[in-house]
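Given next are the chains, with one letter for each unit.
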Amino acid sequence: MAGETAPVPTHARRTLRLPADHQSPAHARAAVREVLAEAGLAELLDEALLLTTELSTNGVVHAGTDIDVDVQVDEAGVTVTVTDFQGGAAIGPARAPDHFAEGGRGLLLVDQFASAWGTTHGEGSKGVWFRLDKPPPRPAPAAPEKRDWLTFLAETSELLAQSLDAELTLALIPQLVVPRLGEWCAVHTAGEWGALTLATYLHRDESALPLLRAKLDEVAPRIREAATGRSAVTLPRPFDGVAVPLIARGQLLGTMTVGRHVDRLHSPDDVAIIADLARRVALALDNARIHAERESIAQAFQRALLPVALPRVAGMELGAEYVPASTGTDVGGDFYDVLPLEGDRLLVSIGDVCGKGARAAALTGLVRDVLRVLVRDGRELPRVMELLNTTMLERGDGKHCTLAAAVVSRDGEYLNVDLCLAGHDKPALVHPDGGTALVGEGGTAVGLLDTITSRLTRIRLAPGDALVFYTDGITERRREGEFYGQDRLRQELAGLTGLPAQVVAARLRAAALAWSPEQPRDDIALLVLRNAPEAG
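Residues numbered from 1 in each chain as written. Predicted model: local features only at pLDDT ≥ 70, side-chain atom pairs only at ≥ 80, totals over all residues. Heavy atoms only, no water.

**Q** Hey, could you run me through the packing of aromatic side chains in this one?
**A** Here the distance between the centres and the angle between the planes together describe a pair of aromatic rings. Overall, the coordinates contain 1 aromatic pair when judged by the stated rule. Here the aromatic rings of Tyr-484 and Trp-515 are separated by 5.4 Å at their centres, their planes lie at 80°, and the arrangement is edge-to-face. Taken together, the positions of Tyr-484 in the loop between strand E21 (482-483) and helix H12 (485-494) and Trp-515 in helix H13 (residues 501-515) put the pair 31 residues apart, joining distant regions of the chain. Neither residue differs from the other here; Tyr-484 and Trp-515 are each classed as buried. Arg-460 extends its terminal NZ or CZ atom over the ring of Tyr-414, reaching a point 4.3 Å from the ring centre. (Phe/Tyr/Trp six-rings, centres within 6.5 Å; stacked < 30°, edge-to-face > 60°. Helix = DSSP H or I, 4+ residues; strand = E, 2+ residues; numbered from the N terminus. Buried < 20%, exposed > 50% of the residue type's maximum accessible area, 1.4 Å probe, protein only. Lys NZ or Arg CZ within 6 Å of the ring centre and 35° of its normal.)

**Q** Could you clarify how one ought to interpret the pairing of strand E18 (residues 456-461) in this entry?
**A** Side-chain direction in a regular strand flips from residue to residue, so the side chains alternate between the two faces of the sheet. What you see with E18 is a clean split: Thr-457, Ile-459 and Leu-461 sit on the buried side and Leu-456, Arg-458 and Arg-460 on the side with no burial. As defined by bridge partners, strand E15 (residues 414-422) adjoins E18 across 6 bridges and the pair is classed as antiparallel. In the sheet register, Leu-419 faces E18, and the bridge partner there is Thr-457. (Pairing = 2+ DSSP bridges.)

**Q** Can you help me understand the sheet that holds E15 in this one?
**A** As a general point, the strands of a sheet are linked pairwise by backbone hydrogen bonds and lie either parallel or antiparallel. If you trace the 5 strands from one edge of the open sheet to the other, you get E12-E13-E14-E15-E18, paired in antiparallel fashion. Whereas interior strands pair on both sides, the edge strands pair on one side only; in this sheet they are strand E12 (334-341) and E18. On average, each strand axis in the sheet is inclined to that of its neighbour by 20°, with strand direction left out of account. The pairing of strand E14 (residues 401-411) with E15 spans 8 bridges and is classified as antiparallel. Opposite Ala-404, over in E15, you have Leu-421 as the bridge partner. (Axes fitted to C-alpha atoms, helices over the stretch in contact; angles between N-to-C directions.)

**Q** Teacher, can you tell me more about the packing of H12 against H13 here?
**A** For any two helices packed against each other, the geometry comes down to the angle between their axes and how far apart the axes lie. The geometry of H12 relative to H13 is characterised by a closest axis approach of 10 Å and an angle of 135° between their N-to-C directions. As far as their axial angle goes, H13 and H12 are oblique. Considering the relative orientation of H12 and H13, their crossing is right-handed. Where H12 approaches H13, its residues Arg-488, Leu-489, Glu-492 and Leu-493 are matched on the opposing element by Val-504, Leu-508, Ala-511 and Trp-515. Taken together, the residues of the contact of H12 with H13 break down into 6 nonpolar, no polar and 2 charged. (Parallel < 35°, antiparallel > 145°, perpendicular 65-115°, else oblique. Left-handed = near helix turned anticlockwise from the far one by under 90°. Contact = heavy atoms within 4.5 Å. Nonpolar A, V, L, I, M, F, W, Y, C, P; charged D, E, K, R; others polar.)

Remember, this is a structural readout, not a statement about activity or role.
What follows is the structure, given as structure tokens:
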């Protein structure tokens, strides 16, 4: 292991803290790339990206903590330090490399390619730094294989890091391998009980794919040996090749099998590169798996915050639409709800909790459930808003919610709607003749101030009238800096008179989305209540 080097003047520097997240190595690489580009040191880029990837991945995956990344450039080269907060010692390579071990490979690569490297230790933290010196003006034509390997691994890390889709990652793997590392490549994925399933395969000669598929079945026992033994297994003649396990975070994800080159067998260096690639592939697949699980949980959480189905009440039509701004792991804060009450009454509500993610979703559930309980308990809506405001302030997390709530009851041919607004946009009242108006009295969002104002307004819906509730995801939808706005919303609604409530909601949603090519920046929630006219 190299010792400390004397400090040199710093010409460019970036320092950043990154979370224990699969995207952090990519952010670390971006910082290194920016600094080297600024300093004009493109010749150090491949080595710097490769080693930064190894150390930042080690900190995120194996230490499981936030990491600090410090990049410094001077006239002689670049120094990168990656620090995690697990504590303990960073141990250097003291033995021959185990190409199939998850941990330790980062330091082996640092030891092999860095001009110098060392460790740092602090209270509850440890780090590894490496130094890359500028090459001499006229470098000797040395080891093109080493340079090619560095470039290949660096580019592979970049490509794999760009995908959080497991199927896309699987499709990419053979493209990376063939023909660089062999004539063909096959990837098997491991099921819950370790059973292997062929996921993807590729041959340099497409006409050989049917034969390759048949041969893979013949050597399946040898491929299983790589999985169960978690080590490289060579394939017998005439099917020469090597099968390596795909392991990430201690879990077997499958195997990657690579056929020999057309003119030679795999050398030990080839096997080492295949093993290195397998580690990167396994980590990319595991990141994609984790992302898919988080996305599934987020979507399930989102569904749990919305009604499974709208209730059916004689003489009342209900329609709703919901468009999340993100289809990823962020749970939106917009919601709508319809709750049947005694005496064929309904509680209808729509709201927008500030923020996204688990905390916003938990608050959304709290607002909805407290609102339900208090209204069922017979409290008037203004008092409900006051109590809800107190509940949110007691949480002390600084979040607030805009809310529109109404109790709907039948009065002959009319619907009485007792409406209360807490910082929410006024709903649009739509008449059968196309006339529209915004109704209700504005109030204070709940959870924002110690005391709030929220007044009750009674609205009477005649047969054919509709009341349209919405969140600001629709009115603040943008096109080249212009908002969709309430005027445009009312114009659209004026052309939807006489249609069932669900059709009104669906068409308003479609119109707002079609108005701008941009992806929604905020969730869109729509809830339509219509006093259905009696059939003639």
